[in-house]
Amino acid sequence: MFASAASAWNDAVEFDEIFSNASGHASGVNQSGGIVAGTRIATEMGWRPVEGIVAGDMVMTFDHGARPVVAVKRTQFWLGSNSCPRHLQPLAVPVGALGNASAMLLLPEQTVLVESDMAEAVFGDPFALVQAAALEGYRGIDRITPHQKVEIVVLEFARDEVIYANGTSMIHCSSVDAGSLNAMIAPTPAMYEALPLEMARSIVAEMIAEDMIAQSYAYAAE
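The paragraphs below set out a description of the structure included in this document. In this text the structure is predicted, and so the values were computed from the model without any measurement.

## So, the packing of aromatic side chains
Consideration 1: Going through the model one piece at a time under the given rule, you end up with 1 aromatic pair.
Consideration 2: Relative to Phe127, the ring of Phe62 has its centre 5.2 Å away and its plane inclined at 65°; by these criteria the two rings are edge-to-face. A residue pair is termed long-range when its members are at least 10 positions apart, and Phe62 in the loop between strand E4 (58-61) and strand E5 (65-68) and Phe127 in strand E10 (residues 127-131) qualify at 65 residues.
Consideration 3: By relative accessible area, which is 27% here, Phe62 ends up partly exposed.
Consideration 4: Judged by relative accessible area, Phe127 falls into the partly exposed class, the value being 26%.

## A word on a nonpolar patch on the surface
Consideration 1: Together, Val122, Phe123 and Met199 make up an exposed nonpolar region whose accessible area comes to about 270 Å².
Consideration 2: Looking at the element boundaries, Phe123 is found in helix H2 (residues 117-123).
Consideration 3: Using a relative accessible area of 42% as the deciding quantity, one classes Phe123 as partly exposed.

## Quick look at the sheet that holds strand E7 (residues 91-93)
Consideration 1: Strand order in this open sheet of 3 strands is E8-E7-E11, and the pairing throughout is antiparallel. Both edges of this open sheet fall to strand E8 (104-106) and strand E11 (142-143), since each of them pairs with a single strand only.
Consideration 2: Two elements, E7 and E11, share 2 bridges in a ladder whose sense is antiparallel. Bridge assignment links Ala92 to a residue of E11, and that residue is Asp142.

## Quick notes on unusual backbone geometry
Consideration 1: Within the chain, Arg139 stands out as a residue other than glycine whose phi angle is a positive 50°.
Consideration 2: For Asn166, which is not glycine, the phi dihedral falls at a positive 55°.
Consideration 3: Residue placement: Asn166 occurs in the loop between strand E13 (161-165) and strand E14 (169-173).

## Some points on the nonpolar core
Consideration 1: Core analysis: the largest hydrophobic core is formed by 34 residues, its most contacted members being Leu135, Leu155 and Ile163.
Consideration 2: Taken together, the elements giving at least two residues each to this core come down to E7, E8, strand E9 (111-115), E10, strand E12 (149-156), E13, E14 and helix H4 (197-221).
Consideration 3: Per element, the largest residue contribution to this core is 4 residues, and it comes from H4.
Consideration 4: Look past the residues within four positions of Ile163 in its chain and what remains in contact with it is Ile35, Ile41, Val59, Met60, Thr61, Leu155, Phe157, Ser169, Met170, Ile171 and Cys173.
Consideration 5: In this structure, Val36, Phe77, Leu107 and Ile144 belong to the second largest nonpolar core, which totals 8 residues.

## Topic: the pattern of salt bridges
Consideration 1: Counted by the stated rule, this structure contains 8 salt bridges.
Consideration 2: Residues Arg86 and Glu136 are paired through a salt bridge, measuring 2.4 Å at the closest nitrogen-oxygen approach. Placement of Arg86 in the loop between strand E6 (71-79) and E7 and of Glu136 in the loop between E10 and E11 is noted, with a sequence separation of 50 residues between them.
Consideration 3: Arg159 is the partner of Glu161 in a salt bridge, and the nearest nitrogen-oxygen pair spans 3.8 Å.

## Structural notes on the side chain of Gln89
Consideration 1: Locating Gln89 in the fold gives a position in the loop between E6 and E7.
Consideration 2: On the basis of relative accessibility, which here comes to 11%, the residue Gln89 falls in the buried class.

## Notes on H4
Consideration 1: Look at H4: 36 Å from first C-alpha to last across 25 residues, which is about the 36 Å you get at 1.5 Å a residue.
Consideration 2: Buried within H4 are the following residues: Ala200, Ile203, Val204, Met207 and Asp211.
Consideration 3: For H4, the secondary structure elements touched by its buried residues are E9, H2 and E10.

## Some details on the side chain of Gln110
Consideration 1: Following the sequence through the fold, Gln110 ends up in the loop between E8 and E9.
Consideration 2: Within the structure, the side chain of Gln110 is placed 2.9 Å from the backbone oxygen of His172, a separation counted as a polar contact.

## Notes on the pairing of E5
Looking down a regular strand, the side chains alternate between one sheet face and the other.
Consideration 1: Pairing analysis gives 4 bridges linking E4 to E5, with the strands arranged antiparallel. Across the sheet, Met60 pairs through a bridge with Ala66, a residue of E5.
Consideration 2: With antiparallel pairing between neighbouring strands as the criterion, E4 and E5 make up a hairpin whose turn holds 3 residues.

About the thresholds
- Residues numbered from 1 in each chain as written.
- Predicted model: local features only at pLDDT ≥ 70, side-chain atom pairs only at ≥ 80, totals over all residues.
- Heavy atoms only, no water.
- Phe/Tyr/Trp six-rings, centres within 6.5 Å; stacked < 30°, edge-to-face > 60°.
- Helix = DSSP H or I, 4+ residues; strand = E, 2+ residues; numbered from the N terminus.
- Buried < 20%, exposed > 50% of the residue type's maximum accessible area, 1.4 Å probe, protein only.
- Patch = residues over 30% accessible without salt bridge, like charges linked within 9 Å, V, L, I, M, F, W, Y side chains within 5 Å.
- Areas by Shrake-Rupley, 256 points an atom, 1.4 Å probe, with all protein chains shown as cover.
- Salt bridge = Lys/Arg side-chain N within 4 Å of Asp/Glu carboxyl O.
- Pairing = 2+ DSSP bridges.
- Core = buried A, V, L, I, M, F, W, Y, C linked by side-chain atoms within 4.5 Å.
- Contact = heavy atoms within 4.5 Å.
- Expected span 1.5 Å × (residues − 1).
- Polar contact = N/O pair within 3.5 Å; in protein donor to acceptor, adjacent residues only side chain to side chain.

Here is the structure:
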């Protein structure tokens, strides 16, 4: 059973090492695609903290093998105030909830790739891209209030990619051209498209139900 990650945060134990010291502040950075500093990313040279990755580094992707990072942007998410609005609060992910080998934080608008029987039945593909906000309540994933500076790192590639974080959890990163004028004038078909939030919540609700069924079978077998 997965413990609540929020309780670990409140005990100031599980997440003490997730944050690194801020190395800069960039205004105008889209935080929705940002990755919290301290998250370890699979690269061609092994696992590295996201804040240590620079343009040109080869990062392992879900669909295309090793791909170079084109640009890296940094910003601050929150400055430690306890008045962070709930809809902006990061989500604490306990060990193993998304295949992650260590606890991690996700921004609510960050999109992650999940595997679901319902997604396969509906879309013919077992993998679905969902906003992290939709995962609240799944395997102990819960919102937390930031108690210190949170540095956010945005990795951009030549095209959209899904990368590995802290194990087999999968985070979506946008292309360097996303949001540009050229992309708006001549958009290219998106390889990864996030589900609408309510649809994503339905997928996650089914994933929770699948876990409950699996647990009941496990208890019956004991």
